[in-house]
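# Examining the three-dimensional arrangement
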Amino acid sequence: MIMDFIDGPFWYFSLIVFFSGIIWNMGSIVFALSKVDLSVSRGSAVSGAIKTIFTRFAADKGMAPHIRLQIIAGYMFHLGLFALLFFAAPHILFLEEHFLGFGWTPMPHWAFIIASEFAFLGLLILWLHRILNPVSRLISTADDHIASILTFVVMLTGCLALLESFTALRLLHRFSVELFLIYFPFSRLMHAFTFIPSRAFTGAWFGRRGISS
Amino acid sequence: MARMKFYCDAERCIECNACVTACKNENEVPWGVNRRRVVTINDGVPGERSLSVACMHCSDAPCATVCPVDCFYTTDDGVVLHDKDICIGCGYCFYACPFGAPQFPDDGAFASRGKMDKCTFCAGGPEEDNSADEYQKYGSNRLSEGKLPLCAEMCSTKALLAGDANVVSDIYRERVIKRGASVLNKGVSYQNASLRASAVLKDK
Amino acid sequence: MSKCTWIFFRQVYFFISLLIFLCLLLAVDATASEPATSKVNSPGSELWMNVRKNMATGKVTSQVKSVDSNVLINSYAQRWTQFRMTQLINYGLIVLLAVFSIIFLFYVIRGRVKLSGGLSGHMVHRFTDYERVLHWVLAIVFLFLATTGLILLFGRPIFIPLLGHEIFSVFASASKEGHNLFGPIFLVSLILMLFSFVRRNIYARGDLTWLLRGGGIIGKSHVTGGFFNMGEKTWYWIVILIGLAISASGLILVSPNLGQSRIIMELSHVIHSIGAIILIAVSMGHMYLGTKGTEGTLESMKTGYVDIKWAEEHHDRWAKECHDNNRLISAEDYAKLQGKIIQNAKVSNAMEENK
Amino acid sequence: MSDRLERGLNTLRAQIDTKVKSYFSSCVHCGICAEACLFYTETQDPRYTPIYKTQPLHKVWQEEYTFWGKIGKKLGLTKSFTEADLANWEELVYDGCSMCGRCSMVCPVGIDVAYIIRKVKEGLAAADYSPEGLVGAAQRAVEIGSPMGIRLKALKAQIKHVEADTGLKIPMDVEGADYMALLSSMEIINFPEYIEALARIFKQAGVSWTLCSEAFEATNSGLQIGNSKIAKLLLERVVAGAEKLKVKNVISPECGHAYAAIRWDGPNWLGKPYNFKVVHILELLDELKKSGHLKTSGKETARLTFHDPCQIVRRGGVEAQPRHLLESVAENFVEMTDHGRMNWCCGGGGGVSANERADELKLKAFNRKKAQLDELNVETIVTACANCRLVMEEGLEENEMDIPIIGLSELLVEYLVEDK
């Protein structure tokens, strides 16, 4: 009964919420572009935008020593999660069967384990830093904590179901993923998509002024 | 009820490994697992012996004692089986068994540790007898069809005996009595008897 | 009186932990006695006896190649089974319950240890962000590992009657997977911990006085302590050494297909479980002392700052250093640094006037 | 809800555009911007975290554009902004932020925090939560024409001095000149050397130029206080002056935010492009130098460094030109650890220097610059913004450091080869 609900209607509901939420959010940003800048430009806004989307992956040299923990933990978490999401064998199989119709080479089991170790350690450090550092503690909201914990739970249930033999554990993972998908468009998690227009806007602004940002 | 036992007669085993092959084939044993193996002692030395070992289906099985999820059970036939739906693949049975009967499937570094696998005395598992599910998880269930494990049935020298403990011990007792001559000869067996014979010939 | 009892308790606690450790070592030793051997000479008895001891004189081979496939009988398996089922489960439970009840009893009798002079409000910086993050990563991972490990150890007699085989096995499987997954994270954070705290935890001359004076039981003066006192340093080394032993043995257990023999895995399990029981037992004391037990201690791991009075009472030499280097900050500045003062003073004054 | 508060909140509401929406929805509250902000690094007070300073606008965005915010507002669960909050943020935004935009360079998701702060100021100013100093300056700018209250008479007196010193004529209201120069009040009062430098440079380059009696003031108090209306009004004067004199170019002086206002924001406030070009004096000098119109001989031997004014370099894009110019006249030029687009602000930008209440904080923030200077052990500091210059002079004096500061144009003029 619960199983049918989680695998069926709730799954589709969460997908609808997730995708429509993202399309709505991104649409309201992309299709409502601000008016044209009338000042005479010194450089190209477009190339600035494209450049900044990529340059912000690296921290400024002078800044790096002060934010080393965030950089390292942030990369550990994001890269680990990315690997888990797109290169874990069960995920590829799932995508192939339900969405894409084609698959790609999954990473070996040991790589999966290492990726998840990275992701867990990274997320744990980031979340603890959020609580323990006065700056991030002051600016963090309930949303930030819910998003962190939800992501952690999704990863945890996924890894607990690693043996792939207990339906209950698989369902738990599926259910937490569904909650995650539903929560996603209404929260801080949207940064996974909105970081692109944000960087592009800033990059364009600086690009017109001939500054690399 | 009967108590099922294996007995391997070291005086007869010729290390042909037919039992190993038969078991693998009959039960479609997972990669990396050998439910049965033949061990040779003093290989290439006078007094060499070979024995085919698998799960001994102990009366008081240590694997069942240590299992943290209590997934082992003994059937009415005295066969020790485990429920793969409950098994979590922790490997404690593997540590507890002196004979190395329960094993991890899959080979290679950091491999996924699936459920444990072990000899079932060709008696399947807790699923419905001879169902597809049972075959997939545990291999064939010959016992329910009135047949003995294939390893024993395949043994060309009849070294490996399987079946009701009383019958097996009767057969073995008979064999020992028949080997009497050699046993009386300072308690050595066929092989040593022949060596002794050659020594006698040498003396002459 | 309060001070003395307190320190006395700390001593008792420390020695009890040591005693437990020794007892467990003896217990393991006791199980190691040889099984009785048959004196009757039967046909081929010598050969089979050697087989049983896994000491066959000639070559032992098997056509089947896998872990220990050429070991006919591993007699240590029986000893391991005995260790786990009789020593580990029974004594482990007793040790954990005993330590827990001692702490609980102490709390009931003595209550919270308050600072004799109360809090001053003046704070000194003690731990950096990185050190605190590291501590809590280690703490969270440790708690997770301890919980899942204890579920696997004691779950069968406790939970199966309650939940049944099917449901418990789901929990146990999740525990096992989680335990295996978080183990390496424990090791990583332990190594980071080793590096960032080791300098302050090397025993120094003052610690000898601490020990000679029995941590302050004899005489009424303060127990001297630097940045860390002798007890804390000992806890640190317990964590590092036992933690490393647990991690190393855990790595051997977590990858059974690397080719290590069963005896190595069984011994690893013995080290792993004894180490874990000791660490869990001692950590209960640490957790109690760090939170409910002493006033002002948790602050250091929450905000990184401690009250100077706390420092003077527990780490007098370090407190003096802070005084000398002028590292004290006022309560107001402390609140500012913690982002606790959101309203600025001028604004609130103006608002008052408006009312 | 009081009038004032409502006005503020409505203004804030109107400030939300696509960029702001994108920025707020991508912020993950990592706190990295704090490490880029000199007000945070020098005080360690987490309230000075740049993104925290944008809270008033964030709150409005949350209530208007987010799912949870809307629900919370409907159910009355969210605590709305009060006057006390606005008063609080007045201190954070006006005293504790110099709009230097360093945070915008380090945000991992690319948020331009300074852009948002500018919008927050708009709301606070609309609700009359802005510091007295700035309000006064804006008032004077609107009424008298200059934030420091300088009238044409004062300028003329200064010009007379300069003319007497150099023997050069300072052109005033010359129609059809190539360049119309603007001045900042501080240059008129504190650094008339700049006017002198301009006269000598243009004479040497043989280019016609002029000052405009109706629009000599370059600074824009409207931008500092965050009032677009005032900003537009002040800008319109400059545009009118330039159009009246039919000049081809307008020169933005050595003043940070004046450049931002005239060069980049101006056309957008007006809603139409200019019919003249705006160049920064450094851009012009570099151009003249390259085309050979400007010749220098000899080089300064003193060990000197360049302080990058935020609005000109980081947020204005004039980064290479000052370095070209310095290389041509300085032998011993060294860069600070963080320079160019990653420089540290002097602590007095964005109207902080005009805000007496912030003096203490400003001096504290200057410690960052001081640390950078201490590393270098220089004899002279060169800069290109009168405001930076003044703030740094104050800071150096406070710290008993005896390092002279000069404007880059002045330095250049010292080595000018003048035709006899």
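Residues numbered from 1 in each chain as written. Chains lettered and ligands numbered in written order. Predicted model: local features only at pLDDT ≥ 70, side-chain atom pairs only at ≥ 80, totals over all residues. Heavy atoms only, no water.

## Quick word on the overall build of chain A
- Within chain A, the regular secondary structure consists of 10 helices and zero strands.
- Along chain A, helices (α) and strands (β) appear in the sequence α-α-α-α-α-α-α-α-α-α when read from the amino end.
- Looking at chain A as a whole, 51% of its 213 residues qualify as buried.
- Taking as baseline every contact in chain A between residues at least 6 positions apart, the subset at least 24 positions apart corresponds to 71%. (Helix = DSSP H or I, 4+ residues; strand = E, 2+ residues; numbered from the N terminus. Buried < 20%, exposed > 50% of the residue type's maximum accessible area, 1.4 Å probe, protein only. Contact = heavy atoms within 4.5 Å.)

## Observations concerning the overall build of chain B
- Of regular secondary structure, chain B possesses eight helices and six strands.
- Secondary structure elements in chain B, listed N-terminal to C-terminal, are β-α-β-β-α-β-β-α-α-α-β-α-α-α.
- Evaluated residue by residue, chain B yields a buried proportion of 54% over its 204 residues.
- Pairs at least 24 apart in sequence give 55% of the contacts found in chain B among residues at least 6 apart.

## Observations regarding the sheet that holds strand E1 (residues 60–62) of chain C
- Here three strands make up an open sheet; going across it, the order is E3(B)-E2(B)-E1(C) and the pairing antiparallel. Either end of the sheet is taken by a strand with one partner, and the two such strands are strand E3 (49–53) of chain B together with E1 of chain C. Between one strand axis and the next, the sheet turns by 25° as a mean value, whatever way the strands run.
- With three bridges connecting them, strand E2 (residues 37–41) of chain B and E1(C) associate as antiparallel partners. Paired with B:Val39 across the bridge in E1(C) is C:Ser62. (Pairing = 2+ DSSP bridges. Axes fitted to C-alpha atoms, helices over the stretch in contact; angles between N-to-C directions.)

## With respect to the sheet that holds strand E4 (residues 277–280) of chain D
All names here are of chain D.
- The strand order across the open sheet built from four strands is E2-E1-E3-E4, with neighbouring strands paired in parallel fashion. The sheet is open, and its two edges are formed by strand E2 (209–210) and E4, each paired on a single side.
- In this sheet, strand E3 (residues 249–252) lies alongside strand E1 (residues 179–181) in parallel orientation, the contact comprising three bridges. Across the sheet, residue Ala181 finds its bridge partner in E3, namely Ile251.
- Contacts between helix H18 (residues 281–290) and the sheet are confined to E1, E3 and E4, with E4 contributing the most and set at about 85° to the helix.

## Considering the interface of chain D and chain A
- On the chain A side, the residues contacting the 55 residues of chain D number 47 residues.
- When the buried surface of chain D facing chain A is broken down by residue, D:Thr18, D:His29 and D:Trp264 rank first, second and third, together holding 15% of it.
- For the interface between chain D and chain A, the tally reads one salt bridge.
- D:Glu283 is the partner of A:Arg42 in a salt bridge, and the nearest nitrogen-oxygen pair spans 3.0 Å.
- Put simply, chain D and chain A have 24 residue pairs in polar contact (both at pLDDT 80 or more) between them. (Buried area = accessible area lost by both parts, 1.4 Å probe. Salt bridge = Lys/Arg side-chain N within 4 Å of Asp/Glu carboxyl O. Polar contact = N/O pair within 3.5 Å; in protein donor to acceptor, adjacent residues only side chain to side chain.)

## Some details on the packing of helix H11 (residues 132–143) of chain D against helix H16 (residues 228–245) of chain D
Residue and element names in this part refer to chain D.
- Two elements in contact, H11 and H16, have axes separated by 10 Å at closest approach and are oriented at 35°. By crossing handedness, the relation of H11 to H16 is classed as left-handed. For the pair H11 and H16, the contacting residues are Ala138, Ala141 and Val142 in the first and Ile230, Leu233, Leu234 and Arg237 in the second.
- Among the residues making up the contact of H11 with H16, the classes are represented as six nonpolar, no polar and one charged. (Left-handed = near helix turned anticlockwise from the far one by under 90°. Nonpolar A, V, L, I, M, F, W, Y, C, P; charged D, E, K, R; others polar.)

## Some thoughts on the state of the cysteines
Residues and elements named next belong to chain D.
- Under the definition given, this model contains zero disulfides over all chains.
- Of the cysteine sulfurs around Cys103, a residue in no disulfide, the closest is that of Cys100, at 6.2 Å.
- For Cys103, a relative accessible area of 10% gives the class buried.
- No disulfide involves Cys107; its sulfur sits 6.2 Å from the nearest other cysteine sulfur, which is in Cys30. (Disulfide = S-S within 2.5 Å.)

## Brief notes about the confidence of the model for chain B
- The predicted model of chain B averages 82 in pLDDT, with 83% of residues at 70 or higher.
- Segment residues 193–197 of chain B: pLDDT under 50, and four contacts once partners within four positions in sequence are set aside and those in other chains are kept. (pLDDT = per-residue confidence, 0-100.)

## Things to note about the packing of aromatic side chains
- The full count for this structure, using the stated rule, is 47 aromatic pairs over all chains.
- Each ring, one from A:Phe120 and one from A:Phe152, has its centre 5.3 Å from the other, and the planes form 75°; the classification is edge-to-face. One end of the pair, A:Phe120, is in helix H6 (residues 109–132); the other, A:Phe152, is in helix H8 (residues 142–160), and 32 residues separate them in sequence. Just as A:Phe120 is buried, A:Phe152 falls in that class too.
- Between D:Phe67 and D:Trp68, the ring centres sit 5.0 Å apart and the planes meet at 75°, which makes this aromatic pair edge-to-face.
- Ring pairs connect the aromatic residues A:Phe18, A:Phe19, A:Phe180, A:Phe184 and A:Phe193, which therefore count as one cluster.
- We note D:Arg263 situated over the ring of D:Trp264; from NZ or CZ to the ring centre the distance is 4.0 Å.
- Its guanidinium or amino end placed over the ring of D:Phe191, D:Arg389 lies 3.8 Å from that ring's centre, counting from NZ or CZ. (Phe/Tyr/Trp six-rings, centres within 6.5 Å; stacked < 30°, edge-to-face > 60°. Lys NZ or Arg CZ within 6 Å of the ring centre and 35° of its normal.)

## Some details on unusual backbone geometry
- The phi torsion at B:Glu28 lies on the positive side, around 45°, for a residue other than glycine.
- Here B:Glu28 shows up in the loop between helix H1 (18–27) and E2.
- Of the residues examined, B:Glu28 reaches a relative accessible area of 57% and is grouped as exposed.
- Even without being a glycine, D:Asp173 presents a positive backbone phi close to 55°.

## Regarding the side chain of D:Thr305
Residue and element names in this part refer to chain D.
- Among the secondary structure elements, Thr305 is positioned in strand E5 (residues 304–307).
- Looking at Thr305, the relative accessible area reads 0%, which means it is buried.
- There is a polar contact of 2.8 Å between the side chain of Thr305 and the backbone oxygen of Val334.

## A word on helix H21 (residues 386–398) of chain D
Residue and element names in this part refer to chain D.
- In a regular helix each residue adds 1.5 Å, so 13 residues correspond to 18 Å; H21 covers 18 Å between its end C-alpha atoms and thus fits that length.
- Restricting attention to buried positions, one finds in H21 the residues Ala386, Asn387, Cys388, Arg389, Val391, Met392, Gly395 and Leu396.
- Looking one or two residues beyond H21, the residue adopting positive phi is Glu400, at roughly 55°. (Expected span 1.5 Å × (residues − 1).)

## Quick word on the nonpolar core
- The biggest cluster of nonpolar side chains holds 123 residues, and the ones touching the most others in it are D:Ile111, D:Trp209, D:Leu326 and D:Leu411.
- Ignoring sequence-local partners within four residues, the contact set of D:Trp209 consists of D:Ile170, D:Pro171, D:Val174, D:Ala177, D:Tyr179, D:Ala181, D:Leu198, D:Ala199 and D:Phe202.
- Within the second largest apolar cluster, 115 residues are counted, among which are A:Ala73, A:Leu132, C:Val141 and C:Leu253. (Core = buried A, V, L, I, M, F, W, Y, C linked by side-chain atoms within 4.5 Å.)

## Overview of the pairing of strand E7 (residues 380–383) of chain D
Residue and element names in this part refer to chain D.
- Burial along E7 is two-sided: the residues Thr380 and Val382 and Ile381 and Thr383 are all buried.
- Where E5 lies against E7, four bridges are found, and the strand directions are parallel. When the sheet's bridge partners are listed, Thr305 is paired in E7 with Ile381.
- In this structure, E7 lies alongside strand E8 (residues 405–407), joined through three bridges in parallel fashion. Across the sheet, Ile381 pairs through a bridge with Ile405, a residue of E8.
- A crossover links E7 with its parallel partner E8, the connecting element being H21, and its sense is right-handed. (Right-handed = clockwise from strand over helix to strand, strands pointing away.)

## Re the environment of D:Met172
Residue and element names in this part refer to chain D.
- Along the polypeptide, Met172 turns up in the loop between helix H12 (152–166) and E1.
- The spatial distance from the C-alpha of Met172 to the C-alpha of Phe216 is 9.8 Å, given a sequence separation of 44 residues.
- Excluding anything up to four places from it in sequence, Met172 contacts Leu152, Leu155, Ile159, Thr210, Leu211, Cys212 and Ser213.

## What to know about the confidence of the model for chain A
- The predicted model of chain A averages 89 in pLDDT, with 100% of residues at 70 or higher.
- Mean pLDDT across the secondary structure elements of chain A bottoms out at helix H1 (residues 2–7) of chain A, with 82, and peaks at helix H4 (residues 68–87) of chain A, with 93.

## Points about helix H9 (residues 167–183) of chain A
- Between its terminal C-alpha atoms H9(A) stretches 24 Å, which fits the 24 Å expected from 17 residues at 1.5 Å a residue.
- Of all the positions in H9(A), only A:Leu169, A:Leu171, A:His173, A:Arg174, A:Ser176, A:Val177, A:Glu178, A:Phe180, A:Leu181, A:Ile182 and A:Tyr183 are classed as buried.
- Where H9(A) is buried, its residues meet H1, helix H2 (9–30), helix H5 (89–100) and H8 of chain A, helix H5 (165–197) of chain C together with helix H7 (67–75) of chain D.

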